[in-house]
Amino acid sequence: QVQLVESGGGLVQAGGSLRLSCAASGSIININAMGWYRQAPGKQRELVASSTSGGATIYLESVKGRFSISRDKAKNTVYLQMNSLKPEDTAVYYCYARDLGVTYWGQGTQVTVSS
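The structure displayed is predicted, hence computed values, not measured ones.

Caption draft 1: Region of the structure containing the overall build of the protein chain. Helices and strands together make up the secondary structure of the protein chain, namely 0 helices and 11 strands. Across the protein chain, helices and strands are ordered from the amino to the carboxyl terminus as β-β-β-β-β-β-β-β-β-β-β. Its C-alpha atoms give the protein chain principal-axis dimensions of roughly 45 × 25 × 25 Å. Burial status across the protein chain gives 41% buried among its 115 residues. Approximately 5,900 Å² of the protein chain is accessible, and the part contributed by carbon and sulfur atoms is 49%. Taking the average place of the 11 positive charges on the side chains of the protein chain and the average place of its 7 negative ones, the gap between the two points comes to 2 Å.

Shown next as structure tokens:
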């Protein structure tokens, strides 16, 4: 089993910044992708950003240019730097890690952006 622990969520005013962190631990074999999803009330969970071991990154169109994902492979940690936050970014953000085809999830961290 792989455990994911997230941190960094909170309340911020529109235009502000937050940095989310997610550290993986446990029976890690070969994590080949880590990233972040989010889910707002009444909406489906959506992929915000993803980073593969090969260096490829994917971003949700609405966060391009504002959010940046990075990974510290040695620490099995992924970060999400969120700048120019908007009220529509308000959601619970979930970290995920994919290890040999199995996807693990963090417990979620609330991000609230006030207008």
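Caption draft 2: The arrangement of the sheet that holds strand E7 (residues 67–72) in detail. Taken in spatial order, the 4 strands of this open sheet run E1-E3-E8-E7, and their pairing is antiparallel. At either end of the open sheet lies a strand with only one pairing partner, and these are strand E1 (2–7) and E7. Neighbour to neighbour, the strand axes of the sheet diverge by 15 degrees on average, direction disregarded. With 6 bridges joining them, strand E3 (residues 18–26) and strand E8 (residues 77–82) adopt antiparallel strand pairing. When the sheet's bridge partners are listed, Ala-23 is paired in E8 with Thr-77.

Caption draft 3: A look at the pattern of salt bridges. This structure, assessed with the given rule, holds 4 salt bridges. With a shortest N-O distance of 2.7 Å, Asp-89 and Arg-66 are connected by a salt bridge. Linking Asp-89 in the loop between E8 and strand E9 (91–99) with Arg-66 in the loop between strand E6 (57–59) and E7, this pair joins segments that are 23 residues apart in sequence. The same class applies to Asp-89 as to Arg-66, namely buried. Put simply, Arg-38, Glu-46, Arg-66 and Asp-89 are held in one network by salt bridges that share partners.

Caption draft 4: Up close: the nonpolar core. If you look at the biggest cluster of nonpolar residues, it comprises 28 residues, and the most contacted ones within it are Leu-4, Met-34, Trp-36, Leu-80, Met-82 and Tyr-93. At the level of secondary structure, the elements contributing two or more residues to this core comprise E1, E3, strand E4 (31–39), strand E5 (46–52), E7, E8, E9 and strand E11 (109–114). Residues in contact with Leu-4, not counting those within four places in the same chain, are Cys-22, Ala-23, Ala-24, Met-34, Cys-95, Tyr-96, Ala-97, Tyr-104, Trp-105, Gly-106 and Gln-107.

What counts, and at which threshold
- Residues numbered from 1 in each chain as written.
- Predicted model: local features only at pLDDT ≥ 70, side-chain atom pairs only at ≥ 80, totals over all residues.
- Heavy atoms only, no water.
- Helix = DSSP H or I, 4+ residues; strand = E, 2+ residues; numbered from the N terminus.
- Buried < 20%, exposed > 50% of the residue type's maximum accessible area, 1.4 Å probe, protein only.
- Areas by Shrake-Rupley, 256 points an atom, 1.4 Å probe, with all protein chains shown as cover.
- Lys, Arg positive; Asp, Glu negative; His and termini not counted.
- Charge placed at Lys NZ, Arg CZ, Asp CG, Glu CD.
- Pairing = 2+ DSSP bridges.
- Axes fitted to C-alpha atoms, helices over the stretch in contact; angles between N-to-C directions.
- Salt bridge = Lys/Arg side-chain N within 4 Å of Asp/Glu carboxyl O.
- Core = buried A, V, L, I, M, F, W, Y, C linked by side-chain atoms within 4.5 Å.
- Contact = heavy atoms within 4.5 Å.

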